[in-house]
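# Residue-level structural notes
Chain by chain, the residues run as shown.
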Amino acid sequence: MNDPNLPGAAEPADAANDHRIGLGKEALKLDFVDNLYYVQGKFAALATQHDYYMALAYTVRDRLLQRWVSSATDYTRRGSRTVAYLSAEFLLGPHLGNNLINLGIEDEVRAAVGELGLNFEELLAQEEEPGLGNGGLGRLAACYLDSMASLEIPSIGYGIRYEFGIFAQRLVDGWQVEQSDKWLRRGNPWEIPRPEWAVEVSLGGKTERYIARDGRTHVRWVAGRKVLGTPFDTPILSYRKNTANTLRLWRAEAPESFDLDVFNRGDYYGAVQQKVVSENISKVLYPNDEQVQGKELRLEQQYFFVSCSLQDMLRILRVQRIALDRFHEKFAVQLNDTHPAVAIAELMRLLVDEHDLDWDRAWEVTRQSFAYTNHTLLPEALERWPLALFARVLPRHLEIIYEINARFLEEVRMHFPGDGERLARMSLIDESGERFVRMANLACVGSHTINGVAELHSRLLREDVLADFHALWPHKFTNVTNGVTPRRWMALANPRLSRLLNQVIGEEWVRDLDRLRDLESCGEDAEFRRQWRFIKRSVKEDFAAHVRRATGVAIDPASMYDVQVKRIHEYKRQHLNVLHIIALYLRIKANLAGDVPPRTFVFGGKAAPGYRFAKLMIRFITAVGEVVNKDPTIRDQLKVVFLPNYNVTNGQRVYPAADLSEQISTAGKEASGTGNMKFSLNGALTIGTLDGANVEIREEVGAENFFLFGLDAAQVQATWRDGYDPTLFYRDNDELRAVLDLVSDGQFSRGDRDLFAPLVDSLLRGDPYRLMADFAPYVQCQERVSAAYRDPDRWTRMSILNVARMGKFSSDRSVQEYCSRIWHVQPVHIDLLSHHVARVAAPS
Ligand code: F58
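Residues numbered from 1 in each chain as written. Predicted model: local features only at pLDDT ≥ 70, side-chain atom pairs only at ≥ 80, totals over all residues. Heavy atoms only, no water.

## So, the overall build of the protein chain
The condition that has to hold: We count a stretch as a helix when DSSP gives it H or I for four or more residues in a row; a strand needs E for two or more, and each element gets its number in order from the N terminus. We compute the radius of gyration over the C-alpha atoms and compare it with the globule rule, which gives 2.2 Å times the number of residues raised to the power 0.38. Accessibility here uses a 1.4 Å probe with only protein chains present; expressed as a share of the type maximum, an area under 20% marks a residue as buried, one over 50% as exposed, and anything in between as partly exposed. Residue contacts are defined here by distance: any two heavy atoms, one from each residue, within 4.5 Å place the two residues in contact. What sets the accessible areas is the Shrake-Rupley method with a 1.4 Å probe; for residues, cover comes only from the shown protein chains. Neither His nor the chain termini are counted; the positive set is Lys and Arg, and the negative set is Asp and Glu. For this purpose, a charge sits on NZ of Lys, CZ of Arg, CG of Asp or CD of Glu.
Tallying secondary structure elements over the protein chain gives 35 helices and 25 strands in all. Whereas a compact globule of 844 residues would reach a radius of gyration of roughly 28 Å, the protein chain reaches 28 Å, a difference of no more than 12%. Principal-axis analysis of the C-alpha atoms places the extent of the protein chain at approximately 90 × 75 × 55 Å. The buried share of the protein chain, taken over its 844 residues, is 61%. Restricting to contacts in the protein chain with at least 6 residues of sequence separation, those with at least 24 account for 77%. Here the protein chain has roughly 32,300 Å² of accessible surface; of this, 50% comes from carbon and sulfur atoms. Between the mean site of the 103 positive side-chain charges and the mean site of the 113 negative ones, the protein chain shows a separation of 1 Å.

## So, the site of the ligand
Quick reminder of the rule: Only heavy atoms are used to decide nearness, and a residue is near a molecule or strand if one of them lies within 4 Å of it. Each polar contact in these results corresponds to two N or O atoms within 3.5 Å; when the atoms are within protein, one needs to be able to donate a hydrogen and the other to accept it, and residues that are neighboring in sequence are counted only if both atoms are side-chain atoms. Each residue gets one of three labels, nonpolar for Ala, Val, Leu, Ile, Met, Phe, Trp, Tyr, Cys and Pro, charged for Asp, Glu, Lys and Arg, and polar for the others, Gly among them.
Taken together, 20 residues sit near the ligand, with E290, H375, N482, E670 and G673 positioned nearest. Here L137 contributes a backbone N or O atom positioned 2.9 Å from an oxygen atom of the ligand. Contacts to the ligand include Y571, whose side-chain N or O atom sits 3.4 Å from an oxygen atom. Relative to its unbound accessible surface of 520 Å², the ligand loses 95% to contact with the protein. The greatest single-element share of the shell around the ligand, amounting to 3 residues, is contributed by helix α7 (residues 136–150). The class makeup of the residues in the shell around the ligand is 6 nonpolar, 9 polar and 5 charged.

## Here's the deal with the sheet that holds strand β25 (residues 707–708)
To be explicit about the condition: Strands were regarded as paired on the criterion that DSSP finds at least two bridges between them. Working convention: axes come from line fits to C-alpha atoms, limited for helices to the stretch in contact. Angles between N-to-C directions cover 0 to 180 degrees.
Taken together, 6 strands build an open sheet; the order of strands is β22-β21-β20-β23-β24-β25 and the sheet is parallel. Of all the strands in the sheet, the pair left with one neighbour each is β22 (638–642) and β25. Examined bridge by bridge, strand β20 (residues 560–565) and strand β21 (residues 599–604) share 6 bridges and lie parallel to one another. Residue pairing across strands places V563 opposite V602, the latter belonging to β21. Each of β23 (660–663), β24 (685–688) and β25 touches helix α33 (residues 792–804); the most contacted strand, β24, lies at about 85 degrees to it.

## Comments concerning empty space enclosed by the protein
So the rule is basically this: Of the two site types, the cavity is a set of points on a 1 Å grid over the protein atoms alone where a 1.4 Å probe fits but cannot get out, and the pocket is an open set with protein on both sides within 12 Å along at least five of seven lines, each lined by residues with an atom within 4 Å of a point. Grid points are joined across faces, edges and corners, and a volume is the space filled by probe spheres set on the points.
Taken as a whole and judged by the stated rule, the model has 7 cavities of 30 Å³ or more. Approximately 160 Å³ is the volume found for the largest cavity. Lining the largest cavity are 15 residues, and of these H95, N98, D146, I236 and R488 lie nearest its centre. If you list the elements that add at least two residues to the lining of the largest cavity, you get α4 (96–103), α7 and β11 (225–237). A per-element tally of the lining of the largest cavity places α7 first, with 4 residues. Partitioned by chemical class, the residues of the lining of the largest cavity number 6 nonpolar, 6 polar and 3 charged. For the second largest cavity, the calculated volume is near 110 Å³. In this structure, the second largest cavity is lined by 13 residues; those nearest its centre are E128, W183, G187, N188 and P189. Of the residues in the lining of the second largest cavity, the class split is 5 nonpolar, 5 polar and 3 charged.

## Here's the deal with the confidence of the model for the protein chain
The criterion, for reference: pLDDT expresses how confident the predictor is about each individual residue, on a scale running from 0 to 100.
Summary statistics for the protein chain give a mean pLDDT of 95 and a share of 96% for residues scoring 70 or more. Note that pLDDT drops below 50 for residues 1–11; the model gives that stretch 18 contacts with residues more than four away or on any other chain.

## A word on helix α31 (residues 757–764)
Since one α-helical turn is 3.6 residues long, residues separated by three or four positions face the same way. Worth spelling out the cut-off: The directions from the helix axis to the C-beta atoms form the arc being described.
Buried within α31 are the following residues: L759, V760, S762 and L763. Down the axis of α31, the sector holding all buried residues measures 160 degrees, keeping them to one side. Lining the buried residues of α31 we find α23 (574–589), α24 (612–629), α29 (726–732), α30 (734–744) and α32 (771–790). Residue G766 follows α31 closely and has a positive phi angle near 105 degrees.

## Concerning the sheet that holds strand β16 (residues 429–430)
Taking strand neighbours across the sheet as the criterion, the 3 strands line up as β15-β17-β16 in an open arrangement whose pairing is antiparallel. Edge positions in the sheet fall to β15 (384–386) and β16, since each of these pairs with one other strand and no more. Against the sheet, helix α17 (residues 439–446) makes contact with β15 and β17 (436–438), and its axis sits at roughly 40 degrees relative to β17, the strand it touches most.

## Quick notes on the nonpolar core
Using the following cut-off: Here, the term nonpolar core denotes a set of buried Ala, Val, Leu, Ile, Met, Phe, Trp, Tyr and Cys residues that are joined through side-chain atoms within 4.5 Å.
Ranked by size, the top nonpolar core spans 114 residues in total, and within it L86, F327, F390 and W823 carry the most contacts. Leaving out residues up to four positions away in the same chain, F327 has contacts with L310, M313, L314, L317, V333, L347, V365 and S369.

## Quick notes on the pairing of strand β10 (residues 217–222)
Here 6 bridges tie strand β9 (residues 206–211) to β10, and the two strands are oriented antiparallel to one another. Within β10, the residue paired with K206 across the bridge is V222. Following β9, the chain reverses through 5 residues before pairing antiparallel with β10; G215 in that reversal takes a positive phi of roughly 85 degrees.

## A closer look at the pairing of strand β4 (residues 155–160)
Most of β4 sits out of view: 6 of its 6 residues are buried. Burial along β4 is two-sided: S155, G157 and G159 and I156, Y158 and I160, pointing in opposite directions, are all buried. Bridge count between strand β1 (residues 82–86) and β4: 4 bridges; the pairing is parallel. The partner of Y85 across the bridge, within β4, is G157.

## Re unusual backbone geometry
Positive phi, normally seen in glycine, also occurs at R573, with a value near 65 degrees. Residue position: R573 is located in the loop between β20 and α23. Assessed through its relative accessible area of 0%, R573 is described here as buried. Phi is positive for D767, close to 40 degrees, though the residue is something other than glycine. The topology assignment puts D767 in the loop between α31 and α32. The buried category is assigned to D767, whose relative accessible area is 1%.

## A closer look at the side chain of S147
Mapped onto the elements, S147 comes out in helix α7. Within polar-contact distance, the side chain of S147 engages the side chain of S811 at 2.7 Å.

## Overview of the packing of aromatic side chains
For any pair of aromatic rings, geometry is given as the distance between the ring centres together with the angle between the planes. The following threshold applies: What counts as a ring pair is set by centres within 6.5 Å for rings of Phe, Tyr and Trp (its six-membered ring), and what kind of pair is set by the plane angle: stacked under 30 degrees, edge-to-face over 60, tilted for all other angles. The rule for a charge over a ring is simple: NZ of Lys or CZ of Arg within 6 Å of the ring centre, and within 35 degrees of the ring normal.
Across all of its chains, the model carries 20 aromatic pairs by this definition. Measuring from centroid to centroid gives 5.6 Å for F408 and W473, while their planes differ by 40 degrees, and the two rings are tilted. A residue pair is termed long-range when its members are at least 10 positions apart, and F408 in helix α15 (residues 395–415) and W473 in the loop between α19 (467–472) and β19 (477–479) qualify at 65 residues. W473 shares its class with F408; the two are buried. Across from the ring centre of F167, 5.6 Å away, lies the NZ or CZ of K606, which sits over that ring. Just above the ring of Y724 sits the side chain of R770; from NZ or CZ to the centre is 3.9 Å.

## Some details on a nonpolar patch on the surface
Heads up, the condition is: A patch consists of residues exposed above 30% relative accessible area that lack any salt bridge, with like charges linked at up to 9 Å and nonpolar side chains (Val, Leu, Ile, Met, Phe, Trp, Tyr) linked at up to 5 Å. Whenever Lys or Arg places a side-chain nitrogen within 4 Å of a carboxyl oxygen from Asp or Glu, that contact is recorded as a salt bridge.
On the surface, a nonpolar cluster with roughly 570 Å² of combined accessible area is contributed by Y37, Y38, V39, F43 and L46. With respect to the helices and strands, the residue F43 is situated in the loop between α2 (25–38) and α3 (49–78).

## Overview of the packing of α2 against helix α5 (residues 106–115)
Packed helices, taken two at a time, are described by their axes: the angle between them and the distance between them. Just so we agree on the cut-off: We call two directions roughly parallel when the angle between them is under 35 degrees, roughly antiparallel when it is over 145, roughly perpendicular when it lies between 65 and 115, and oblique otherwise. By convention, the crossing between two helices is left-handed when the near helix turns anticlockwise from the far helix through less than a right angle, and right-handed when the turn is clockwise.
Look at α2 against α5: their axes get within 9 Å of each other, and the N-to-C directions meet at 55 degrees. Comparing the axis directions of α2 and α5 gives the class oblique. The two elements α2 and α5 cross, and the hand of that crossing is right-handed. Contacts between α2 and α5 involve K25, E26, L28 and K29 on the former and, on the latter, E108, V109, A111, A112 and E115. Here the contact of α2 with α5 is built from residues that sort into 4 nonpolar, no polar and 5 charged.

## Overview of the pattern of salt bridges
Per the stated rule, a full pass over the model turns up 76 salt bridges. Here R110 makes a salt bridge to E121, at a shortest N to O gap of 2.8 Å. Here the residue R110 occupies a position in helix α5, and E121 occupies one in helix α6 (residues 120–124), the gap between them amounting to 11 residues. Here D745 ties to R753 by a salt bridge, and the two come within 3.4 Å at their closest N and O atoms. Here the salt bridges do not stand alone but share partners, grouping R194, D233, R248, D312 and R315 into one network.

In structure tokens:
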């Protein structure tokens, strides 16, 4: 091992100090000062903390660029098969700390900025996180980029450069208030615009038929308007390899030519207005999770980034002199849910209309290019576009979808003759009432592989949501259970635990998470358990200090931290958690609690701005907190905090501090969950239902190390089939009745009996998420949790075993499965170009 460019390798003294690439402290210091002056244009007397952060970010970026140019050069030279990961969301989180971990220069940088008289943590805290996603789906895309780079898989992430990411959440009088996320306000040092690769995207207008020179009828799309897509590239660094891949996000602008037209008509304001309309497309991330809105602008967003990305892929083919009809050999295109599914029609249009391929060949290429990941079981989250809207925005694509549909339905008829109902269900067009384009059906028809994100989810897709497609094409279906990156969610988020792991099992676990197994025997070592507890305790102290700053509430690090952080949704059942808190509250007040260990309940999560019930759930949490936290009879045995603005940064704070992870969704509703994995990897135990990846987590860590409760998916289904009466639980369970009566009486709303009435009503009238059935089992299960927590040695053993057995849930494993079973892409090892070559010989 003598690669001078790999961190940790024996570096010649001069390489460590090379200008802009050296990883040694002195080079970092020099370049930092250089960047402050020459890039940021500041000097000590005027520089703010943010200027220093920018200088440091540029210093780190310089090191990334050498790896990035080397990777791009290698991929181009070899024409490497490449994953194109299409996702409307990438929830990245801050770059700086992560890049330092991946480069392996955290200590050097800490020392360098220290010697310059600066505080490293303070600089890190300056970074605005790019919150370009809603939740699990967007964060998964970010974890997969990290793993693809670290596994040396050639890949490009394609998405939208939203000017405003997910809103910032504040709490005012216990209610959620949204604030726009101006993450670009002070500049983004991690991205590089590439205006030379901008592309035009058409929207609206009409189609025309004409006879081309080959004598065949062709179709021309006469656009109503055009927008320009400019790519902004962010390097995605691998963990201690030379690979740096690209995340390419598109920003919408008005094309010059279009401007000119309007100017020439003398309509200056009209021209500016056009600009505004065009730029709107990449203005803001839609903040809804699970409940899709059929908004025209959203369809425009989806089509915009998809068309830009496919045109970009065609450009890459041209540069590498690869024939168009070998598109599928060069690219494995992954559709992250149906949001980019219009890509199927767009690739057909590009190949057939713009590049004269015949339909059958184009369709073969298309079908061999795409694979589709489904992320939901909720019917209301399946995307469908009103036909009239679709026709208005994408007239040509609708024609193409009709043609695909006609041929597809012919195939269905052949397989299932005389089954009209099946035909109606499978059609790409929903004609049961108002007509819609069904995006999941389009994705299934145009993809070679369809996967769910956990075993249970994939089974429910096969048996229920996509059963008709499974009956027709069973070979297309597979499962890839989600995973999370151990770099961000362990090494970066939990440095203390990581240091202990490094000491005891070596450092390889970061790239090979199965190595955690070596911890299994440590649970029997009393000294190790003591260290384990010491670390958890100190992380909990830091978290308490953070909670104090963020909310003003004092929490006790000696109490059990019982945490539920995720988007707020009825199916995730934060309100079930609250009902349990109220039950404990009543028990303590009645002196019936016995010897319960003190608990701190931590909640965090955003509600979609238009989802009134979810906002009321937040108010319910904060209202119970207000009463419980200041009730002297509770004597600090219970605390309830709502941590505002749950995002990646706050996730990095909370997962390492948690003792108990709440994964309590109604069975059959959560596709996978990934927070469940982050908690367990940081030593929290899980209380959960048999839903999503909980099933597999429990399998891995062992039933005896997992707190299971509640109906399973089949039992939930049975309640729908056989009837369900939530009032019976109210009638028969005294504790549940007391809890709900207290809420109805206005105990948590200063006597206002109306405030939480919608909540209580939803439970007593229908209870679609089956909280009433699961309440008693949940409370009993929580008693088992308390009993286990009272025995620190037992709890610690369980915690160690949880971590030791979580290796499966690395996103490296997930990505490897995609690579071997779906993408058929191989790793490419990158040799670092020398500084000199990188500077002068990069291909255009
Ligand atoms: C989530 N979906 C699933 N959607 O709910 C979760 O179980 C799973 O672990 C995760 O995907 C990753 O597979 C999700 O986050 C969204 O946020 C969409 C945003 C766009 C509108 C529709 C929902």
